[in-house]
Amino acid sequence: MPTTDFDSFYDEQLLPSLQQLRDQSRASRRWLYMVIASAVLLVIYIYIRSGDYREDTLIDTPIVIFFILLIVSLGFHINSRNEFQVNFKESIIKKILDFIYPNINYEPEKYISSKFYKNSSLYRYKYDSINGDDLFKGVYKNVPFSCSELSTKIDDETIFSGLFFAARINNYYSSGTYVWSKENSQYADSISTERYRYYPMPKVTGLKLQHEAFDKYFTACSTYPAQAREILTEERIQQMINFCIKINRDISFSFVGGHCYVAVPSSSSLFEAAKDPGDKERIKNYFLNIILFLSLIDKLRLDEMQ
């Protein structure tokens, strides 16, 4: 596993650049306060003037001034916020990557292919919107992978939000083996759900692995049970359980058509700046999230599936 000494990394490589980021964050917030103040003054003034309405005085100098101030401060806030976000990703996230494992391509404004998400059958509900950011792509231990934050919704209801991971494995593993968390079983509860609300997947057979701990956390099925048992070795099963316990989330896995997919749900943004961009605990979480997707390759021994 790549080097993971967070404390020395934070002190030696991040601290020198944090003051500039903090200054940029404060500048962005000052413009936001100006936006709020301008909007409040505009509303108050219009309310006061509404009691003295005359057609020739509906638009007067203070209204024009407050409106211009609102538009100008909003523009400066958006520009300063965008500049801060770009510098934050370059100064913090990119440096974390370079420290942990530099051979990763990082594209902050892109996200993983929707094709991977659908093929994985980890979250089968049809969605009407998909977005994400912070795309990481590279090769680790001879395993090509991509990973990003991803969010899918239908009618403003969240289907999945979190970290979505895809890695290329040998085409020998051409079947579909699905390991859903107990809270995330993707069996359809009716014919109509299967036909109209779910994306299709191949016909599967439930797996009985006779593993008490595994059965506590997961539901497994496969299009080809014999190959599923090659994939779900005792060691790989134990690592899946360990991931579930350690990160305390309803993590799900699938091995479909020469790819390994992993979905790690999260209720919060994984790589966005906090109010204080130098918040050490928040930065440590960024650090651990990057370690997490590399650990998936390590612990699941995906290099052995090449």
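Nothing here was measured: the structure is a model prediction, and the numbers come from that model. Within each chain, residues carry numbers counting from 1 in the order of the written sequence. In view of the model being predicted, local features appear only for residues whose pLDDT reaches at least 70, and side-chain atom pairs are presented and counted only at 80 or more, with totals across whole chains, interfaces and linings using the full set of residues. Working from all heavy atoms in the structure, the side-chain values ignore hydrogens and water.

Visitor: Can you help me understand the packing of helix α1 (residues 6-50) against helix α2 (residues 61-100) in this one?
Guide: Angle between the axes and distance between the axes: these two values describe a pair of packed helices. In this analysis, axes come from line fits to C-alpha atoms, helices being fitted only over the stretch in contact, and the angle between any two N-to-C directions falls in the range 0 to 180 degrees. By definition, any uninterrupted DSSP run of H or I lasting at least four residues is a helix, any uninterrupted run of E lasting at least two residues is a strand, and each is numbered from the N terminus. As a packed pair, α1 and α2 sit with axes 8 Å apart at the nearest point and diverge in direction by 160°. Relative to α2, the element α1 is oriented roughly antiparallel. Both α1 and α2 take part in a crossing whose hand is left-handed. Note on residue categories: nonpolar means Ala, Val, Leu, Ile, Met, Phe, Trp, Tyr, Cys or Pro, charged means Asp, Glu, Lys or Arg, and polar means any other residue, Gly included. When the residues that make up the contact of α1 with α2 are grouped by side-chain class, the tally is 26 nonpolar, 11 polar and three charged. If an angle is under 35 degrees, it is roughly parallel; if it is over 145, roughly antiparallel; if it lies from 65 to 115, roughly perpendicular; otherwise it is oblique. In a left-handed crossing the near helix is turned counterclockwise from the far helix by less than a right angle, and in a right-handed crossing that turn is clockwise.

Visitor: I'm lost on a negative patch on the surface in this one. Help?
Guide: On the surface, D128, D155, D156 and E157 cluster together into a patch of negative charge. Position of E157 among the secondary structure elements: in strand β4 (residues 157-168). Patches here: salt-bridge-free residues with over 30% relative accessible area, like charges joined within 9 Å, nonpolar side chains (Val, Leu, Ile, Met, Phe, Trp, Tyr) joined within 5 Å. Only the protein chains shown count as cover for residues, and the accessible areas themselves come from Shrake-Rupley with a 1.4 Å probe. We count a salt bridge whenever a side-chain nitrogen from Lys or Arg sits within 4 Å of a carboxyl oxygen from Asp or Glu. Neither His nor the chain termini are counted; the positive set is Lys and Arg, and the negative set is Asp and Glu. A charged residue contributes its charge at one atom only: NZ of Lys, CZ of Arg, CG of Asp or CD of Glu.

Visitor: Can you walk me through α2 in this structure?
Guide: Owing to its 3.6 residues per turn, the α-helix brings residues three or four apart onto one side. Between the first and last C-alpha of α2 there are 57 Å, a value that for 40 residues agrees with the 58 Å anticipated at 1.5 Å per step. The seven residues ending at a residue and the seven starting there each receive a fitted axis; the angle between those axes is the bend at that residue. In the structure, α2 departs most strongly from a straight axis at K89, where the bend amounts to approximately 30°. By definition here, a helix of n residues has an expected span of 1.5 Å times n minus one.

Visitor: I'm lost on the confidence of the model for the protein chain in this one. Help?
Guide: Low-confidence regions, as indicated by low pLDDT, have predicted coordinates that should not be scrutinised in detail. Every residue is assigned a pLDDT by the predictor, reflecting its confidence on a scale from 0 to 100. Considering every residue of the protein chain, the mean pLDDT works out to 91; 96% of them sit at 70 or more. No element of the protein chain has a lower mean pLDDT than α1, which averages 87, and none a higher one than strand β8 (residues 252-256), which averages 98.

Visitor: Just to check I follow, could you spell out the sheet that holds β4 for this structure?
Guide: Strands in a sheet are paired, the pairing made by backbone hydrogen bonds, and the direction either parallel or antiparallel. An order of β1-β2-β3-β4-β9-β8-β5-β7-β6 is seen for the nine strands of this open sheet, with the pairing classed as antiparallel. In this open sheet, the two edge strands, each paired with only one partner strand, are β1 (104-107) and β6 (205-206). Any pair of residues with heavy atoms lying within 4.5 Å of one another is described as a contacting pair. Contacting β5 (176-181), β7 (218-222), β8 and β9 (259-265), helix α7 (residues 234-247) crosses the sheet at an angle of about 145° to β8. Note on pairing: DSSP must find at least two bridges between two strands before they are called paired.

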